[in-house]
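Working through the structure, step by step
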Amino acid sequence: MKLRSPKIRLFAVILSMVMLFCSMPGVNANAAERELAVDELISAQKQAVEANEVLMQYFFAEGWVLEYPDYFGGCYIEDNVLHIILVDPTTEELEELDEILSDYENAISFESGSYSQASIQDYADSTAAELKKQGLEVTHWYVEIETGDIIIGVVNSDIDTANVKIAEIQSYTLRSSTPKIVIEEGEYTSTTSDPVIGGSTIAIGTSTRSAGTLR
C-alpha cells in the first residue's frame with residue numbers, strides 16, 4: 001500500500017479545519033450581524049446624506065463649482081445629523097438654506113464657525129507650501145472640519161522643527177486670529193487614496209479630508 005506524503009496529510013488536515021470553521025454557525029452569524037449593522041447605519045444616515053447632496057447641488061446651481069460661498073465653513077455627519085458650519089451668513093442666506101433643506105430639518109444642524117471652508121483650505125495649502133519651501137518633508141495636510149484644525153503631516157525627524165516653524169509663521173501673520181495647526185507624523189505611501197465619509201471635506205465637495213502632497 002502506498003503511503004501519503006506528510007505534506008498531503010497536512011494539507012488535508014488544514015482543508016478540513018477551514019471547511020469546519022466556515023460551516024460554524026457563529027461565523028455566518030457574525031457576518032450577518034456586520035451586514036445588518038452596516039445596513040442600519042446607512043438607513044440611519046440616509047436623511048443626513050441626502051441633505052448633504054441637496055446642499056452641494058444648490059451650491060453648484062448657484063455657480064459655486066470650484067469654491068464655496070464665503071459663509072460656508074464645511075459640514076460633516078455625526079450622530080446621523082449633518083452639521084453645517086456657517087460663517088456670518090446674512091439673513092437672506094440663512095433663509096435660503098432653511099428653504100432648500102426644509103425636508104431635512106430633523107437631520108441637519110446649523111453651527112457657527114470662524115473660517116470659511118475656502119479661506120481655511122487656502123491657509124492650509126499656503127502653510128504646507130511654506131514648510132516645504134523651508135526644507136521640511138511634508139507628507140500630507142488637510143482641514144479637520146469637526147474641530148476647525150489644520151492637520152499637517154511631516155516625517156518624524158522634522159516634527160520638532162515643524163512646530164517651531166508653525167509658531168514663527170503664525171506670529172507674523174497678518175490675520176487677527178489663525179486656525180490651530182496640528183503637526184503629526186506622516187510618511188510617504190504608494191497610494192493617494194483615502195477613505196471618504198459623507199459630510200467632511202476632500203477635493204470633492206464635502207467628504208473626509210482635503211489631503212495633498214507636495215512631492
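This section reports on the structure supplied with the text. (Residues numbered from 1 in each chain as written. Predicted model: local features only at pLDDT ≥ 70, side-chain atom pairs only at ≥ 80, totals over all residues. Heavy atoms only, no water.)

1. Quick look at a negative patch on the surface
For the record, the criterion: Note on patches: the residues involved have over 30% relative accessible area and no salt bridge, like charges join within 9 Å, and the nonpolar side chains Val, Leu, Ile, Met, Phe, Trp and Tyr join within 5 Å. All accessibility values rest on the Shrake-Rupley procedure with a 1.4 Å probe; residue burial counts only the protein chains present in the view. Within this document, salt bridges are pairs made up of a side-chain nitrogen of Lys or Arg and a carboxyl oxygen of Asp or Glu, the two lying within 4 Å of each other. We score Asp and Glu as negative and Lys and Arg as positive, and we do not count His or the chain ends. Every charge is mapped onto a representative atom, which is NZ of Lys, CZ of Arg, CG of Asp or CD of Glu. Helix and strand labels come from DSSP, where a helix needs a run of H or I of at least four residues and a strand needs a run of E of at least two; each type is numbered from the N terminus.
A contiguous patch of negative charge on the surface is contributed by Glu67, Asp70, Asp122 and Asp125. Among the secondary structure elements, Glu67 is positioned in the loop between helix 2 (25-61) and strand 1 (72-78).

2. Focus on the packing of helix 4 (residues 117-133) against helix 5 (residues 159-171)
Selection rule: Angles shown run from 0 to 180 degrees and are taken between the N-to-C directions of axes, each axis being a line fitted to C-alpha atoms and, for helices, limited to the stretch in contact. For classification purposes, an angle smaller than 35 degrees is called roughly parallel, one larger than 145 roughly antiparallel, one from 65 to 115 roughly perpendicular, and anything else oblique. Left-handed is the label given to a crossing in which the near helix is rotated counterclockwise from the far helix by less than a right angle, and right-handed is the label when the rotation is clockwise. For this analysis, residues touch if any pair of their heavy atoms sits within 4.5 Å. For this classification, the nonpolar set comprises Ala, Val, Leu, Ile, Met, Phe, Trp, Tyr, Cys and Pro, the charged set comprises Asp, Glu, Lys and Arg, and every other residue, Gly included, is treated as polar.
Running from N to C, helix 4 and helix 5 point in directions that differ by 125 degrees, and their axes come no closer than 11 Å. Taken together, the axes of helix 4 and helix 5 are oblique relative to one another. For the pair helix 4 and helix 5, the sense of crossing is right-handed. Contacts from Tyr123, Thr127, Glu130 and Leu131 of helix 4 reach helix 5 at Ala162, Lys165, Ile166, Ile169 and Gln170. The residue inventory of the contact of helix 4 with helix 5, partitioned by class, reads 5 nonpolar, 2 polar and 2 charged.

3. Concerning unusual backbone geometry
Only a minority of non-glycine residues have a phi that is not negative, and only a minority of peptide bonds are not trans. One non-glycine residue, Asp79, lies in the positive phi region at around 55 degrees. Following the sequence through the fold, Asp79 ends up in the loop between strand 1 and strand 2 (81-86).

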